[in-house]
Amino acid sequence: MTESLLVIDNLEVEYPVKGFRRKPFRALKGVSLDIKPGECVGLVGESGSGKTTLGRAVLGLAPVTGGSITFKGAEIGHLKRRARRALSEEIQVVFQDPYSSLNPSLTIEQSLTEPLRVTKVSSPDASRRVRMLLDQVGLPSNAADRLPREFSGGQRQRIAIARALALSPQLIVCDEPVSALDLSTQARVLDLFKDIQEATGVAYLFVSHDLAVVRHLSHRVAVMYHGEIVEYGEGDKVTSDPEHPYTQRLLLAAPVPDPIRQEQRRADRSRLIEAQKEIDLQASVH
Amino acid sequence: MTESALNLSPDPASEQRAVGSHLARRMLRNATGLASMIVLGLIVLAAILAPLLTQTDPALADVRSILQPSSAAHPLGTDSAGRDVLARLLHGTRYSIAGALLGTTVAAMIGVIGGLLAGYYQKGFESVSSWLVSAIMALPGIVVLLAARAVLGPSLWMAMAVFGVLLAPAFYRLTYTAVVNVRHELFVDAARVSGVGDLSIIGRHILSVVRAPIIIQFAFVMGIAIAIQAGLDFLGLGDQSVPTWGNMLNDAFARMYKSPVLIVWPSLAVALTSTALALFANALRDELERSGKTKKRRRLAGAAAAAPVLAGEEAVVHAELGEDTRADLLTVDSLVVGYDQPDGILKQVVNGVSLRVKRGEVHGLIGESGSGKTQTAWSILRLLPDGGRIVAGTVNFDGKDLAHLSDKEMQKVRGRRISYIPQEPMSNLDPSFTVGSQLAEPMRLALGISAAEAKKRALELLARVGIPNPERTYAAYPHEVSGGMAQRVLIAGAVSCEPDLVIADEPTTALDVTVQAEILDLLRGLQKELGVSILIVTHNFGVVADLCDRVSVMRSGLIVETGPARSIFADPRHPYTQDLFAAILEDGAARGQLDHSADRHTATQGVTP
């Protein structure tokens, strides 16, 4: 058994709510998770489940109020800005919206060299690295001098991936990186994620609302609901034969692209909901 | 659809690379921009070349020749102290502009830096600085300037510097709001994750975005500063020893009856400069805003540009599965939709679409972004955005050609016979009216029923679409209901006037998957109950499989394959449809468990300290 790269233990995140003496909003209520080197852990949930908050907490962008995040044995949940910056070489991010994750007024090269400049890479080296990165994500090297608006959503997401790879990190937090993309583009970008993982051994925390996307890419899958992880296990098992009632509902809610099987799934879903209602009713009686 | 290949025309690339020079060129083409720039250029030139244009000392008084009319020695005559008016006017340009520039620069420095820091760090910094700004704004400007003069003595520069402090809130407010908007953009987060320090983030990412509005504000404020500065000198509060337009006005005003023409020159100079600056700022803003608009339109119409028009290609038509005796409700024939571009070219986004929807049928229009599916839906409703129009083809709806109906007649069709369910439920409810009034009012108008009757029906509808407490939702404002509830309300609205056809534009895309399943159930139930036809625009094959009797697959403004849903899902024939099906991840193989070879790989790669 290899040692875990990232261990999240009983993590709590609370956002202050505006107003005098209002109770803060608890986005995460004690979440535990671990990621091994080279592993992809999928994090599924609906909007408001806290999945994005968990990703942001790992990146140091959310206020951690309890529990711990340990990266390679060191606690990183409560680091100050300056100490946090040193981690940029190890933990990187790819965001959901390819339109706002690149500064519209900087060229691709300027965006890609940004992380390199922080680590004092000389500019000819940085330039060479940029071309290498663009090549790695399947973009021509002349893309470097262009502005983000000249690229489609899928191309921008490739650029965002290149930026995340610039410092050869060990973990990339991917926050819904394909949900804004078209179907055919989505499949290709997912394959790129897979190829890069196989080539570099980077680990992913892959956040998505789409069970099918997570299943395609993740070794293990965690399901979040109302700020808690309700199910965590092997990817295939969680996404095809889940145990928790919520995961079951989630699985059956996604329509299958086949009219005949979808009719079947619809029937299964209403049966499941009826059955779960029954159980809830019995639980409330006792 | 080959998104990794750069299918970009070289033209926009080169045009956008030099954003700055591009803007300058557009400003030159803008009539107001050009005129104001010429005037400003001449004024600046006059200020710079003042000593060359006139040899006379502006301060040289000559009591023998006071209030002289125009002559060879004094082209614009002399003033009450016998000083040369032209020389004073030209040298006054230097002082007036320098003074205004000083005031505006002080204001911009304080305001922009304060706004950047307050907007970025918020919390403590924000409360202190907004308190200071409010205090400055509460101070009566003229009183402060008088006090400053009393304490520091009459000085043009001091007065303008104090004035700059008083004007700083104009820049602070602007910068602060702009920064707050940019601060939460993902690229700022990405830079933080990359380890970029706060100051570099502010300088690099935030300043570059707020730059344009600050430049515009600068021009506006400078126009004001010129006028205020002249005003101060005119009232005699300035430094009388330097020649400024205001001092000239002061002098001319005192001799108004003897020599009225004297007041003309400084007034003209002040008015011309202030107006030119204001117009310059206006033109700059117009050009910057226009670039935003064309950009948006380009994205909207991008698909047609990327792929060539394939009007010759025949769609694959699947055979009917059985006898269908239902009448056609909607028949779209060879529909072409285009957008007029600023350069007069028509950009086609729909290139000849034909489709039909029978009574009581659910027809799915599926395609990727930019395929023209939404454009097709909008043109059936005749709700195309500005610049868009139906170029050719007919839209036959129950015997009427909607493409050629007058706006007034179309009004009668929309909402009553054809209704619409949008993609973003929240942005389609007016936040300042209750949900109930937005539901009841159209019914009252369309069906001609009383307000009480409309309310009763609205409550029934809300109950029908599965809203647990209709009374409460009826009285609620849109922000008080969830996205799923809002979509239910809009569905209730869409069926409220008993339409024949509902056009649903990605009705579940913005919703969670469990809510989507509920909304699909609701749509299916309502469709069965009311026998209404639905044209549903979507990119999700699951939604089509769940709901549709018939499917049309769109690409580049054309339908490539159409037929009964079951036969297309069983046997997609067009290569594009086959590609789309191949990209579907549902039922795909899972990744499996992490094997140890991957572990070894990381181990050999080593851990960088």
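Every value quoted in this text rests on a predicted model; they were computed, and no experiment measured them.

K.L.:
Break down the overall build of chain B for me, with residues and values.
P.N.:
Assigned secondary structure in chain B consists of 23 helices and eleven strands. At 34 Å, chain B has a C-alpha radius of gyration far larger than the 25 Å of a compact globule built from 609 residues. Seen through its C-alpha atoms, chain B measures out along the principal axes to roughly 110 × 75 × 55 Å. Within chain B, buried positions represent 46% of all 609 residues. At a minimum sequence separation of 6, the contacts of chain B that also span at least 24 residues come to 71%. As presented, chain B carries roughly 28400 Å² of accessible surface, and 60% of it is formed by carbon and sulfur atoms.

K.L.:
Run through a nonpolar patch on the surface, naming residues and quoting values.
P.N.:
All names here are of chain B. On the surface, Leu28, Leu34, Ile38, Leu42, Val44, Leu45, Ile48, Leu49, Leu52 and Leu53 cluster together into a nonpolar patch covering about 930 Å² of accessible area. Counting residues per element, the nonpolar patch draws most heavily on helix H3 (residues 31–53), which supplies nine residues. With respect to the secondary-structure elements, Val44 resides in helix H3.

K.L.:
Hey, could you go over a positive patch on the surface for me, with residue numbers and the actual values?
P.N.:
Residue and element names in this part refer to chain B. Judged by side-chain charge, Lys400, Lys408, Lys412 and Arg416 come together as a positively charged surface patch. Within the secondary structure, Lys412 sits in helix H14 (residues 407–413). According to the relative accessible area criterion, Lys412 is exposed, its value standing at 53%.

K.L.:
Describe the packing of helix H15 (residues 435–447) of chain B against helix H16 (residues 451–464) of chain B, and please don't skip the residues or the numbers.
P.N.:
Residue and element names in this part refer to chain B. Where H15 contacts H16, the axes come no closer than 9 Å and their chain directions differ by 125°. Between H15 and H16, the crossing angle belongs to the class labelled oblique. Like other packed secondary-structure pairs, H15 and H16 cross with a definite hand, here right-handed. Only Ala451, Ala454, Lys455, Arg457, Ala458, Leu461 and Leu462 of H16 make contact with H15, whose side of the interface consists of Leu439, Ala440, Met443, Arg444 and Leu447.

K.L.:
So, empty space enclosed by the protein: which residues are in play, and what are the values?
P.N.:
Residue and element names in this part refer to chain B. Scanning all chains against the criterion turns up six cavities of 30 Å³ or more. Empty space within the largest cavity amounts to approximately 140 Å³. As for the largest cavity, its lining consists of 15 residues, of which Ser155, Ala159, Leu232, Leu237 and Gly238 are closest to the centre. Residue assignment for the lining of the largest cavity shows that the elements contributing at least two residues are helix H6 (141–152), helix H7 (156–183) and helix H9 (198–234). Among the elements that line the lining of the largest cavity, the one with the most residues is H7, at four residues. When its residues are assigned to classes, the lining of the largest cavity shows nine nonpolar, four polar and two charged.

K.L.:
So what about the interface of chain B and chain A? Which residues, and what values?
P.N.:
Often the size quoted for an interface is simply the accessible area lost on bringing the parts together. At the junction of the two partners, chain B supplies 68 residues and chain A supplies 92 residues. Summing both partners gives a buried area of about 7100 Å² for chain B against chain A, and 53% of it is carried by carbon and sulfur. Counting across the interface, chain B meets chain A through six salt bridges. Two residues, B:Arg204 and A:Glu114, come together in a salt bridge whose shortest N-O distance is 2.9 Å. For the pair chain B and chain A, the interface holds 21 residue pairs in polar contact (both at pLDDT 80 or more). In terms of residue class, the side of chain B that touches chain A is made up of 28 nonpolar, 20 polar and 20 charged.

K.L.:
Account for the confidence of the model for chain A, with residues named and values stated.
P.N.:
Scored by pLDDT, chain A has a mean of 89; 99% of the residues are at 70 or more. Element-level pLDDT for chain A is lowest in helix H2 (residues 81–86) of chain A, with a mean of 80, against a maximum mean of 95 in strand S3 (residues 40–44) of chain A.

K.L.:
Which residues make up the layout of surface pockets, and what are the values?
P.N.:
Quantified by volume, the second largest pocket comes out at close to 1300 Å³. For the second largest pocket, the lining is made up of 34 residues, of which A:Leu61, A:Arg81, B:Lys123, B:Arg183 and B:Arg192 are closest to its centre. Ranked by residue count, the leading element in the lining of the second largest pocket is helix H8 (residues 186–193) of chain B, at four residues. Grouping the amino acids of the lining of the second largest pocket by side-chain chemistry returns 16 nonpolar, seven polar and eleven charged.

K.L.:
Before we move on, can you summarise the packing of H3(B) against helix H4 (residues 85–121) of chain B with the specific residues and values?
P.N.:
Residues and elements named next belong to chain B. For the pair H3 and H4, the least separation of the axes is 8 Å and the interaxial angle reads 130°. Comparing their axes, H4 and H3 come out oblique. Crossing hand, H3 versus H4: left-handed. Facing Ile43, Ala46, Ala47, Ile48, Ala50, Pro51 and Leu53 of H3, the residues of H4 in contact are Leu90, His91, Thr93, Arg94 and Ile97. Here the residues of the contact of H3 with H4 are counted per class, giving nine nonpolar, two polar and one charged.

K.L.:
I'd love a proper account of the pattern of salt bridges, names of residues and values included.
P.N.:
All names here are of chain B. Throughout the structure, instances matching the rule amount to 41 salt bridges over all chains. Note that Asp500 is salt-bridged to Arg359, the shortest N-O span being 3.7 Å. Residue Asp500 is located in the loop between helix H18 (483–496) and strand S8 (501–505), and its partner Arg359 is located in the loop between strand S3 (346–358) and strand S4 (362–367); the two are separated by 141 residues in the primary sequence. A relative accessible area of 33% places Arg359 in the partly exposed class. The residue Arg382 makes a salt bridge to Asp407 at a minimum N-O spacing of 3.0 Å. With a gap of 25 residues between them, Arg382 in the loop between helix H13 (373–381) and strand S5 (388–397) and Asp407 in helix H14 connect regions that are remote in the sequence. One connected set of salt bridges, linked through shared partners, spans Glu320, Asp328, Arg356, Lys358, Glu361 and Arg550.

K.L.:
So what's going on with the sheet that holds strand S2 (residues 25–35) of chain A? Residues and values would help.
P.N.:
Residue and element names in this part refer to chain A. The strand order across the open sheet formed by four strands is S2-S1-S4-S5, and the pairing between neighbours is antiparallel. Every other strand in the sheet has two partners, leaving S2 and strand S5 (74–75) as the edge strands with one partner each. As paired elements, strand S4 (residues 64–71) and S5 share two bridges and run antiparallel to each other. Within the sheet, the bridge partner assigned to Phe71 lies in S5 and is Ala74. Running at roughly 110° to strand S1 (residues 6–15), helix H1 (residues 51–58) makes contact with S1, S2 and S4 of the sheet.

Scoring rules and cut-offs
- Residues numbered from 1 in each chain as written.
- Chains lettered and ligands numbered in written order.
- Predicted model: local features only at pLDDT ≥ 70, side-chain atom pairs only at ≥ 80, totals over all residues.
- Heavy atoms only, no water.
- Helix = DSSP H or I, 4+ residues; strand = E, 2+ residues; numbered from the N terminus.
- Rg over C-alpha atoms; globule rule 2.2 N^0.38 Å.
- Buried < 20%, exposed > 50% of the residue type's maximum accessible area, 1.4 Å probe, protein only.
- Contact = heavy atoms within 4.5 Å.
- Areas by Shrake-Rupley, 256 points an atom, 1.4 Å probe, with all protein chains shown as cover.
- Patch = residues over 30% accessible without salt bridge, like charges linked within 9 Å, V, L, I, M, F, W, Y side chains within 5 Å.
- Salt bridge = Lys/Arg side-chain N within 4 Å of Asp/Glu carboxyl O.
- Lys, Arg positive; Asp, Glu negative; His and termini not counted.
- Charge placed at Lys NZ, Arg CZ, Asp CG, Glu CD.
- Axes fitted to C-alpha atoms, helices over the stretch in contact; angles between N-to-C directions.
- Parallel < 35°, antiparallel > 145°, perpendicular 65-115°, else oblique.
- Left-handed = near helix turned anticlockwise from the far one by under 90°.
- 1 Å grid on protein atoms, 1.4 Å probe; cavity = no way out; pocket = protein on both sides within 12 Å on 5 of 7 lines; lining within 4 Å.
- Points joined across faces, edges and corners; volume = space filled by probe spheres on them.
- Nonpolar A, V, L, I, M, F, W, Y, C, P; charged D, E, K, R; others polar.
- Buried area = accessible area lost by both parts, 1.4 Å probe.
- Polar contact = N/O pair within 3.5 Å; in protein donor to acceptor, adjacent residues only side chain to side chain.
- pLDDT = per-residue confidence, 0-100.
- Pairing = 2+ DSSP bridges.

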